[in-house]
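Below are the chains, spelled out letter by letter.
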Amino acid sequence: MVHGTMVRRPVTLPQLQQKKQQGEPITMLTAWDYLWARLLDAAGVDVILVGDSLGMVALGYQTTLPVTLDQMIHHAQAVRRGVSHSFLVCDLPFLSYHESPEQALRSAGRLVKEADVQAVKMEGASPVVQAATRRLVEAGIPVLGHVGLLPQRVHQLGGWRQQGKTPQGAEAILADALALAEAGAFGIILEHIPADLAQQITAKLKIPTIGIGAGPHCDGQVLVTADVLGLSPQVPPFAKVYADLGTQAIAALKSYCQAVKSRQFP
């Protein structure tokens, strides 16, 4: 206790596991620089994800595919400077872990050593990803899995479509989730899958599930912060805009420009 308030301690992996056991939802949002990381940390977000979605949000790409490992390290370093309490996870970008478990270890090792992230996330559950998960966990690097809609496979999937709608598709996603848990993942992102499938996976797994467009039955929820704050030109159908900061920012910037032009500022 300090002046009658609880001292906020950094979020740890055992705490996230405990939240699942106690039925307390886990909060996760994305950050791509120091400014947003500081605000998310101050808001009490449990987990901050340096997602490769920054390729679209911060770098202007159409997909996440062009993002490089060096770019992820650069952004993760900035995010780390703004984080004091939230648990920090970073995406391994496209083709930084697909060749072999050794490549995944080198890539993840750079993120841990150079950006001080606490865990990494890989998409999918191919044999290589399962083996990479085991290798990273053996080396002491926590791994967050990701099944369902996989943005790094957007071309193969034919767009940003909901996955697991057929019995065969649902069975495959469930199998992927179970395989990643068996490989040692500490949690799994469930993206854009039917709510009943997410509920089934969540009930079968002992590790936390974090949903994004996967209904209300997951152990936690994640969204892209730009979507939550109305800063994205297009918001996915499963996201909710909690504040229209984009419109407010444009209005404020116009007011500033007008004040300068009319010599009302300074």
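In what follows, the accompanying structure is described. (Residues numbered from 1 in each chain as written. Predicted model: local features only at pLDDT ≥ 70, side-chain atom pairs only at ≥ 80, totals over all residues. Heavy atoms only, no water.)

The next thing to look at is the overall build of the chain. Counting its regular elements, the chain contains 11 helices and 8 strands. For a compact globule of 266 residues, the expected C-alpha radius of gyration is about 18 Å, and the chain comes in at 19 Å, within 12% of that figure. Summarising its shape, the C-alpha atoms of the chain cover approximately 65 × 50 × 35 Å along the three principal directions. Relative to its 266 residues, the chain shows a buried fraction of 50%. Excluding contacts between residues fewer than 6 apart, the proportion of contacts in the chain whose partners are at least 24 apart in sequence is 59%. (Helix = DSSP H or I, 4+ residues; strand = E, 2+ residues; numbered from the N terminus. Rg over C-alpha atoms; globule rule 2.2 N^0.38 Å. Buried < 20%, exposed > 50% of the residue type's maximum accessible area, 1.4 Å probe, protein only. Contact = heavy atoms within 4.5 Å.)

Another point: unusual backbone geometry. In this structure, P266 follows F265 across a cis peptide bond, with omega equal to 5 degrees. Phi is positive for L95, close to 70 degrees, though the residue is something other than glycine. Along the chain, L95 falls in the loop between β3 (87–91) and α5 (101–115). Owing to a relative accessible area of 52%, L95 belongs among the exposed residues under this scheme. Phi at H192 takes a positive value of approximately 50 degrees, unusual for a residue other than glycine. Tracing the chain through its elements places H192 in the loop between β6 (187–191) and α9 (195–204). Look at H192 and you get buried, because its relative accessible area is 13%.

This paragraph deals with the side chain of D219. Residue placement: D219 occurs in the loop between β7 (209–212) and β8 (220–223). You can call D219 buried: its relative accessible area is 13%. At a separation of 2.7 Å, a polar atom in the side chain of D219 contacts the side chain of K20. When neighbours within four sequence positions are excluded, D219 is seen to be in contact with K20, E24, P25, I26, T202, I207, P208 and T209. (Polar contact = N/O pair within 3.5 Å; in protein donor to acceptor, adjacent residues only side chain to side chain.)

In the contact formed by helix α8 (residues 167–183) and α9, the axes pass within 10 Å of each other and the chain directions differ by 30 degrees. What the angle tells us is that α8 and α9 run roughly parallel. The two elements α8 and α9 cross, and the hand of that crossing is right-handed. Of α9, the residues touching α8 (which contributes A170, I173, L174, A177 and L178) are L197, Q200, I201 and K204. (Axes fitted to C-alpha atoms, helices over the stretch in contact; angles between N-to-C directions. Parallel < 35°, antiparallel > 145°, perpendicular 65-115°, else oblique. Left-handed = near helix turned anticlockwise from the far one by under 90°.)

Our next topic: the side chain of T209. Its place among the elements puts T209 in strand β7. Looking at T209, its side chain comes within polar contact range of the side chain of T202, at 2.7 Å. When near neighbours in sequence (up to four residues on either side) are disregarded, T209 contacts I188, L190, I201, T202, C218, D219 and G220.

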